[in-house]
Amino acid sequence: MNFDRRKFLALAGTAGVMAASGSFTNIAFAAEATLPPLPYAFDALEPYIDAKTMEIHHDKHHQGYVNKLNAALAEHPELQEMPLEKLLANLDAVPESIRTAVRNNGGGHLNHSLFWQMMTPDGGKQDKGRVGDAINKTFGSFENFQKEFAAKAGGQFGSGWAWLVVGDNGKLEVISTPNQDTPVSQGKTPILGVDVWEHAYYLKYQNLRGGYVDAWWNVVNWDFVNELFAKANR
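Note that the structure is a prediction, hence the values are computed from the model and not measured.

### Quick word on the overall build of the chain
Along the chain, the regular secondary structure elements total 10 helices and three strands. Helices (α) and strands (β) of the chain occur, in sequence order from the N terminus, as α-α-α-α-α-α-α-β-β-β-α-α-α. Scored against the burial criterion, the 234 residues of the chain give a buried share of 50%. Of the contacts made within the chain by residues no fewer than 6 positions apart, 72% connect residues no fewer than 24 positions apart.

### Quick look at the pattern of salt bridges
For the structure on display, the rule yields three salt bridges. Lys 52 is the salt-bridge partner of Glu 55, the closest N and O atoms lying 3.4 Å from each other. Separated by three residues within a single helix, Glu 55 and Lys 52 lie in helix H2 (residues 51-73), roughly one turn from each other.

### Considerations on the nonpolar core
One finds Phe 145, Leu 164 and Trp 216 to be the most contacted residues of the largest nonpolar core, which totals 64 residues. Per-domain counts for this core show at least three residues from each of domain 1 (51-118) and domain 2 (130-233). Once you skip the residues sitting within four places of it in the chain, Trp 216 turns out to touch Ile 49, Phe 115, Met 119, Phe 149, Leu 192, Gly 193 and Val 194.

### Some remarks on a negative patch on the surface
On the surface, Asp 127, Asp 133, Asp 223 and Glu 227 cluster together to form a negatively charged patch. For Asp 223, the location among the structural elements is in helix H10 (residues 222-232).

### A word on the sheet that holds strand S1 (residues 160-166)
Sheet strands pair by backbone hydrogen bonding; their relative direction is either parallel or antiparallel. One open sheet accounts for three strands, arranged S2-S1-S3; its pairing is antiparallel. Since the sheet does not close on itself, it has two edges, and those belong to strand S2 (172-178) and strand S3 (189-195), each with one partner. Across the sheet, the axes of successive neighbouring strands diverge by a mean angle of 25 degrees, strand direction being ignored. Sheet topology note: the S1/S3 ladder contains six bridges and is antiparallel. Within the sheet, the bridge partner assigned to Val 165 lies in S3 and is Pro 190. Of the strands in this sheet, S1, S2 and S3 touch helix H6 (residues 129-139), which is tilted by about 90 degrees from S2.

Conventions used here
- The numbers attached to residues start from 1 for each chain and follow its sequence in the written order.
- Confidence filtering applies because this is a predicted model: local features only for residues at pLDDT of at least 70, side-chain atom pairs given and counted only at 80 or more, and all residues used for totals across whole chains, interfaces and linings.
- Only hydrogens and water are set aside when side-chain values are computed; all heavy atoms of the structure are taken into account.
- Every helix listed is a DSSP run of H or I at least four residues long, and every strand listed is a run of E at least two residues long, numbered separately from the N terminus.
- Here's how the labels work: a residue is buried when its accessible area is under 20% of the maximum for its type, exposed when over 50%, partly exposed in between, all with a 1.4 Å probe on protein chains only.
- Contacts are assigned to residue pairs with any non-hydrogen atoms lying within 4.5 Å of each other.
- Salt bridges are defined as contacts in which a side-chain nitrogen from Lys or Arg sits within 4 Å of a carboxyl oxygen from Asp or Glu.
- The term nonpolar core refers to a set of buried residues drawn from Ala, Val, Leu, Ile, Met, Phe, Trp, Tyr and Cys, joined through side-chain atoms within 4.5 Å.
- An automatic or database domain assignment supplies the start and end points of every domain.
- Note that patches include only residues with greater than 30% relative accessible area and no salt bridge, and the join distances are 9 Å for like charges and 5 Å for nonpolar side chains (Val, Leu, Ile, Met, Phe, Trp, Tyr).
- The method behind every accessible area is Shrake-Rupley, applied with a 1.4 Å probe, and residues are considered shielded solely by the protein chains displayed.
- Charge assignment in this entry is limited to Lys and Arg as positive and Asp and Glu as negative, and neither His nor the chain termini are counted.
- Every charge is mapped to an atom, namely NZ of Lys, CZ of Arg, CG of Asp or CD of Glu.
- The pairing criterion is simple: DSSP has to find at least two bridges between the two strands.
- Interaxial angles span 0 to 180 degrees and are taken between N-to-C directions of axes, which are lines fitted to C-alpha atoms, for helices over the stretch in contact.

Structure below.
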């Protein structure tokens, strides 16, 4: 299927608006997507997430999404300068021949680029700030939010993600997405997410996904979550 010029112009227009206002991830291709470095050492999240899992997850899995995304966009230079979240928010405007590849691998690149920053060695115990207040208001308590989030993570059949998002109504929601689908494609802004693909936890937790999610709360980077929450509410 040939590229739809009207859809492309609309997509280019939204990219221009995004450039003027600032994207929430600042992930643009600049001709080629690149693997972002981890903001900490592979073993920095131990004992909650082990070093070997982090190494394989980042260097192999995330790199694979980057490589396949670049391959999909290689013959479409008109798309390569656009913020990644804009491509994923407008998948209908992406050529049908590469749409699935962009959805899967672009989603994988975006999701993981956020995920690494959503964790920190000093996580879990920080002041939860404005987003903590919003969580308490929306869910009744932080504990209620954790239960709902854990239920989404545990209830996701097969591979996927659990997310805290800002919906198009400006309110917080907990959702899950399959595979590497991103909330951006649903018009929602992810501010916290946990990867529940088996490669994210199986070396340490085997089939105990719930144990992994329980431990993961100890490395959540609430400072970064608050940054995303502030951008989503500008």
